[in-house]
Amino acid sequence: MLRVRRQTCKIIIATSLIWCVLDILLLMSYSDCSNGVGFGCSGSSGSGVAGKKDAIKFARQIREKDEVEEAYPRSKLKTYVVAKTVKKNKGMPGEMGKPVNIPKEMEDEKKRKFKINQFNLLASEMISLNRSLQDVRLSTCKSKVYASLLPTTSVVIVFHNEAWTTLLRTIHSIINRSPRELVEEIILVDDASEHEHLGEDLEDYVKTLPVRVKVLRTGTRSGLIRARLLGAKHVKGSVITFLDAHCECTEGWLEPLLSEIAKNRKAVVCPVIDVISDETFEYITASDMT
């Protein structure tokens, strides 16, 4: 019995020694001394202060290398001209993002149309497709100068039974407030809409626009994510931008987003999202914390 116990102890000790040797070999193999830190490296001796400094230096070198690798190549960047400010249409309702007040005699029509898309469709129909908006950016944002070279983007918009005016106002706001050189295309993905105006009428209308606009159709109800993935499969721009079908892009909205991605092509960016009232279509500025 005693002999068995001794044999077991010898096996345990031998196994432990083997694992210790393997651990040392692994440490030595991963210490290539490229940063002066590691087993057998000259920088690892002494008080340890030099080793810490070398480690920090090495980390900086790795970060700078990653930044270079993740930045966009020069061949995929384009120069651009900042879009002009959309001028105010005098006499038109909702200009500069102001609320639209429906006359009392049209209240019944307003309620009837509200049921179609669950917002004041009558107010939307009274507003210009190219309506003006206030520049709500902070003064520091307005004066900020972005890189002169930025990647192009394909804007993907998914819709289902969207109102004609809200969908077109979204498209026009992209065209009016984006540098033309940076918008490769706008891709509209129809997720099995049933409204007649979203069929051939829409396809005929987008052909008249100054930016390439493609209409894709899912055929059967697929949901937001699958529809977006369908749009993403057909993009030609370097960056994919997803937008809702009932939004309005404001002045200088695109450059800050593309600027961050130009620095790091793996970045996922999101702007401050303001609010458009479903009752009056007033443009309401949101906090940059929301």
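The structure we're discussing is the one just above.
This one's a predicted model, so the numbers in the text were calculated from it and none came from an experiment.

### Some details on the packing of aromatic side chains
Part 1 of the argument: Under the criterion given, the structure shown has 2 aromatic pairs.
Part 2 of the argument: Residues F119 and F281 carry aromatic rings whose centres are separated by 5.8 Å and whose planes lie at 75° to one another, so their mutual orientation is edge-to-face. Of this pair, F119 sits in the loop between α3 (107–117) and α4 (121–126) while F281 sits in the loop between β7 (275–276) and β8 (283–284), and the two are 162 residues apart along the sequence.
Part 3 of the argument: Judged by its relative accessible area of 10%, F119 falls in the buried class.
Part 4 of the argument: Residues W164 and Y205 carry aromatic rings whose centres are separated by 5.6 Å and whose planes lie at 75° to one another, so their mutual orientation is edge-to-face. Taken together, the positions of W164 in helix α6 (residues 164–176) and Y205 in helix α7 (residues 200–206) put the pair 41 residues apart, joining distant regions of the chain.
Part 5 of the argument: Given a relative accessible area of 27%, W164 falls into the partly exposed group.
Part 6 of the argument: By relative accessible area, which is 23% here, Y205 ends up partly exposed.

### Regarding the side chain of E185
Part 1 of the argument: For E185, the location among the structural elements is in strand β4 (residues 183–190).
Part 2 of the argument: At 3.5 Å, the side chain of E185 forms a polar contact with the side chain of K214.
Part 3 of the argument: In this structure the side chain of E185 is engaged in a polar contact, spanning 2.6 Å, whose partner is the backbone nitrogen of K236.
Part 4 of the argument: Ignoring any residue separated from it by four or fewer positions in sequence, one finds E185 in contact with T153, S154, V155, V211, R212, K214, H234, V235, K236 and G237.

Here is what the cut-offs are and how they apply
Residues numbered from 1 in each chain as written. Predicted model: local features only at pLDDT ≥ 70, side-chain atom pairs only at ≥ 80, totals over all residues. Heavy atoms only, no water. Phe/Tyr/Trp six-rings, centres within 6.5 Å; stacked < 30°, edge-to-face > 60°. Helix = DSSP H or I, 4+ residues; strand = E, 2+ residues; numbered from the N terminus. Buried < 20%, exposed > 50% of the residue type's maximum accessible area, 1.4 Å probe, protein only. Polar contact = N/O pair within 3.5 Å; in protein donor to acceptor, adjacent residues only side chain to side chain. Contact = heavy atoms within 4.5 Å.

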